[in-house]
Every structure is written in structure tokens, then in C-alpha cells.
Amino acid sequence: MGRFVRWLVFRLLRLYYPRIAVEGLEQLPRGRVMFVLNHPNGLLDPLLLMLILGQPVAFLAKNTFFNNPIGRWMMQAFGALPIYRQSDAAEGSNTRDLNEQTFARCRQLLADQHHLALFPEGTSHSEAYLLPLRSGAARIALGAEAEHNWQLDLKIVPIGLWYEDKHIFRSSVLLLVGKPINVNQFQHAEAEREQAVASLTTRMAEHLGGVVFQAGNAELLRGLPVMVGWTVDRLRRKRPSGREAYTSLTPTERVQLATLAAKAQRYARTLRLLGIADPWAPQLPLATRWRFWRKFLWTLLAFIPAACGILLSYPMYRLSGIIATRMTKELEVLSTIKLIAGMVLQPIGWIVTSLIIGLLTTWQAGLIVLLLAPLFGFIALRWSERWRAVREATAASWLRLTQPDLTSQLLQRRRDLGEQISNTILSLND
């Protein structure tokens, strides 16, 4: 049963975030590995890591998730270990001893070559920068090596998570894998333990800071990887990394890049007013016209099942969002609640609809609706995305045909903007 739940959750996670990109996966070492990550999206952060790696990864979660049988079973199904906070504990409870038991299990898991993921910021948050790292991850890593005479050859791998818009359904995710840290380099005598902990924590902060996009505000944080993507052809000549370029920003350069981001947003708004959401859409290459017509034909043929899918699935989709926003105002857990609510409510909605149809017509009709509802729901998702692409491509083609002067101005504006962005990023790599 646990295997089925993991399979189902990972499929839903792929559905929620259909575009998951990974950079630097080749840097993952063999052997014993502990991952350290930034923590922008609650429980979905470790689940995304497991999804990308394709293997179990133990992680720490608040003990409140374990307080009821269903929550405890779900946490154990994904390899979560409880971490106890004094603020959540009953009066008189000794959280220190309970946490030490959890840390001992972490050290044993590392010794047994199980992967472990930790979030050294200590809390999930929506800030546009890394919080100061706590020392717990360093203590676990050093403790595991010390218990085995520094023979584990344990590596710490930093991973940066970036969400296009973490609480928006069907948005994108980027994972950046950094250079591993060899824990053996911090071998120490017992009297030097605290100094070693501080040194390793500092090293983790440096490496993690190198794979986490950080900015003065959330809008620039979301826009930076997009702007890097706009100029990818020119940037590829010098092979700079978007994360390397950004982490070297000075305060003056951040202001400069923020100005470029504002220009990019104004340019995108201009296109949206003309019915084009994709900044590159006016330059629709002739070579992709066959693909455009293929998508256009698909949207026509799939219209009826897509409409059925919308009727069957949209009410519970909207209800999931309403329930999630009522339950929390914290963005870092909103998508987790949406995912759980959708996982529970969508099947209920399909069952209720099929029962109503069965009562109004025949039980066979109700059964057919129940069996086809998930398929129609998926077709509706794909149809809405392809229809959006077809609509934007049509708007771009119509604009190019009917207003060639305006199209030329827009393309020149895009080229000028791309030139400014690429020059800025390239200068940061010189």
C-alpha cells in the first residue's frame, strides 16, 4: 500500500509541476550522500528530490505531522523522521532526548548508505534569499563520520530549488546541483568539535548559496532564470551558469538587473495586450508550422472529451484551491495543501457525479463516467495548455501578417532587451 501511495503522490507531483528541470546532476557522487537544500515549499521539497533521484530519501518533518494515524502512516511511507520543537511539545516534555533519538537514526541511515536530505535553514519560507544556516546538519554529518572513525567517506551535496510560482498549478521547477563537500576534510579532535561544526556550516552556506537564486525581491527572483533563458544562444558561447552569474552580483548590479527585469515585464505586458503571452511568439519560425497545425488539429479533435473533463473535474479543482487558501495564508505550505486536497476531492467528485448519472440514467452509464473521468480530466489539462499555445501562435501570425511594422518594432525591442540582459550577465562572468 505504501508503494502505491508513493507512486500516486509522485504522479500527482508531476501533474502539478509538469516542467521540472535539473542542472548539474552529473556532480552527484557515489557512496554515502547527505543532501542539503533550501526550503521554499514545505513537504513538496523533499518529495521533488525523491522524484528526480528515483529513489528513497529520508528527511526530517515536524512531529505534528505524526500526531494522527493517517499523517504518521503517510510520513513513514516517505521515510520522514520526526523533529520535535519545544513550542509544539506538551508542557514538561523533553524534546532534547527525542531529537537526539532522531539524530542517531540519521547518523545510522548515513552509515547504512541511505540518502538523507536536510534543510539547514530550519524552516520553510518564501523569502527571496537564504536564511542563516543552523548547525544541525553539520553536527549529524560530523557525528556520523566520528562514530565510524572517519571511514564513511560521506559527501554533502547542496541542491538549490527554484519555483516559477510554487502555489500555481502547472508551473515550473528548477533544481541546481552543486559541488559536493567531503566531510573528511573537517576531521577533528573532540576538543575542536564546535570549531569543526562552525567551519562545516560555513562551507555549506557557501556551497548552498552558489546554487540558490537570491534577490532583493521575489519578483526579480522569479524573473532572473527566465531572462537567462531569453539569451541562452548567446550565453552558451561562453558557457556561463545562470546561478554563477547571479551569485556574484554586487548591490549596484542588482539594481541594474532589476531595471532590466522591469523592462522585460513591460515588454511582456505589451505583447499580452496584443493577445500574445510568449515574448518570443512574434518570431514564429516557418519550420514549426507543421507542428502548429498538428496542435491545432489535436485541439479540434480533443474538444469534446476536454469539455467533459472540465465539467467533471473543474468544480473540485476550484474547491481544492478555496479550501487551501482558507486553511493557510502561508505560501510555503499552500501548494502542499492544494495537492492533498485535490488528491482527496477529485475522486470524491468523480464518484458523486457517476452516482448521480447512474441514478438518473442507468448504472452502466454511471460506471462508464467513473472510468473515463480521470482520462477526460487529463485530456482537459493537456487541451487547455495546447489551446493556449495555438491561440498565441495564431495571434503572433496574424500580427505579423496584418501589422508588419509593429511586429518589426517589437522584435527590435526584444533584440535590444536581450542584448542588454546578455551583456549584463556576461560581464558578471568576466
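Just above, that's the structure.
Residues numbered from 1 in each chain as written. Predicted model: local features only at pLDDT ≥ 70, side-chain atom pairs only at ≥ 80, totals over all residues. Heavy atoms only, no water.

Peer 1: Help me out: how do you make sense of the overall build of the chain in this one?
Peer 2: The number of helices and strands found in the chain is 15 helices and eight strands. Across the chain, the fraction of contacts at a sequence separation of at least 24, relative to all contacts at a separation of at least 6, is 74%. Total accessible area computed for the chain in this model is approximately 23000 Å², and 59% of it derives from carbon and sulfur atoms. (Helix = DSSP H or I, 4+ residues; strand = E, 2+ residues; numbered from the N terminus. Contact = heavy atoms within 4.5 Å. Areas by Shrake-Rupley, 256 points an atom, 1.4 Å probe, with all protein chains shown as cover.)

Peer 1: Explanation requested: the side chain of S124 in the structure shown.
Peer 2: Mapped onto the elements, S124 comes out in the loop between strand 5 (116–118) and helix 5 (136–147). One polar contact links the side chain of S124 to the main-chain carbonyl oxygen of H39, over a distance of 3.0 Å. There is a polar contact of 2.9 Å between the side chain of S124 and the backbone nitrogen of G42. Ignoring anything within four residues of it in the chain, the contact list for S124 reads H39, P40, N41, G42 and E332. (Polar contact = N/O pair within 3.5 Å; in protein donor to acceptor, adjacent residues only side chain to side chain.)

Peer 1: Could you clarify how one ought to interpret the packing of helix 4 (residues 95–111) against helix 5 in this entry?
Peer 2: In a packed pair of helices, the relevant descriptors are the angle between the two axes and the axis-to-axis distance. Packing of helix 4 against helix 5 brings their axes to within 9 Å, and their N-to-C directions diverge by 60°. The angle between helix 4 and helix 5 places the two elements in the oblique class. Along this stretch, helix 4 crosses helix 5, giving a crossing that reads as right-handed. Contacts from F103, C106, R107 and L110 of helix 4 reach helix 5 at I140, G143, A144 and E147. Partitioning the contact of helix 4 with helix 5 into residue classes produces five nonpolar, one polar and two charged. (Axes fitted to C-alpha atoms, helices over the stretch in contact; angles between N-to-C directions. Parallel < 35°, antiparallel > 145°, perpendicular 65-115°, else oblique. Left-handed = near helix turned anticlockwise from the far one by under 90°. Nonpolar A, V, L, I, M, F, W, Y, C, P; charged D, E, K, R; others polar.)

Peer 1: I'm lost on unusual backbone geometry in this one. Help?
Peer 2: Glycine aside, residues mostly have negative phi angles, and peptide bonds mostly take the trans form. For D153, which is not a glycine, the phi torsion comes out positive at approximately 55°. Its place among the elements puts D153 in the loop between helix 5 and strand 6 (155–163). Note on D153: relative accessible area 37%, which makes it partly exposed. Positive phi, normally seen in glycine, also occurs at R170, with a value near 70°. (Buried < 20%, exposed > 50% of the residue type's maximum accessible area, 1.4 Å probe, protein only.)

Peer 1: Quick question: what am I supposed to make of the pattern of salt bridges here?
Peer 2: Between side chains of opposite charge, a pair can form when the charged atoms approach closely. On inspection of all chains with the given rule, the structure shows six salt bridges. With a closest N to O distance of 2.7 Å, R107 and E147 form a salt bridge. Within this pair, whereas R107 is found in helix 4, its partner E147 is found in helix 5, the two being separated by 40 residues in sequence. In this structure, the salt-bridge partner of R139 is E194, at a minimum N-O distance of 2.9 Å. Residue R139 is located in helix 5, and its partner E194 is located in helix 6 (residues 193–209); the two are separated by 55 residues in the primary sequence. By relative accessible area, R139 is classed as partly exposed at 30%. Several salt bridges converge on common partners, so that one network encompasses E100, R107 and E147. (Salt bridge = Lys/Arg side-chain N within 4 Å of Asp/Glu carboxyl O.)

Peer 1: Looking at this structure, I do not really get the environment of L176. What am I missing?
Peer 2: Examined against the element boundaries, L176 turns out to sit in strand 7 (residues 172–177). Given the relative accessible area of 2%, L176 is considered buried.

Peer 1: Whenever I open this one, the packing of helix 5 against helix 6 confuses me. Can you help?
Peer 2: Running from N to C, helix 5 and helix 6 cross one another at 120°; their axes reach a closest spacing of 9 Å. Crossing angle aside, the handedness with which helix 5 passes helix 6 is right-handed. Between helix 5, through A137, A138, R139, A141 and L142, and helix 6, the contact on the second element is made entirely by R193, E194, A196, V197, L200, T201 and M204. Considered class by class, the residues forming the contact of helix 5 with helix 6 number eight nonpolar, one polar and three charged.

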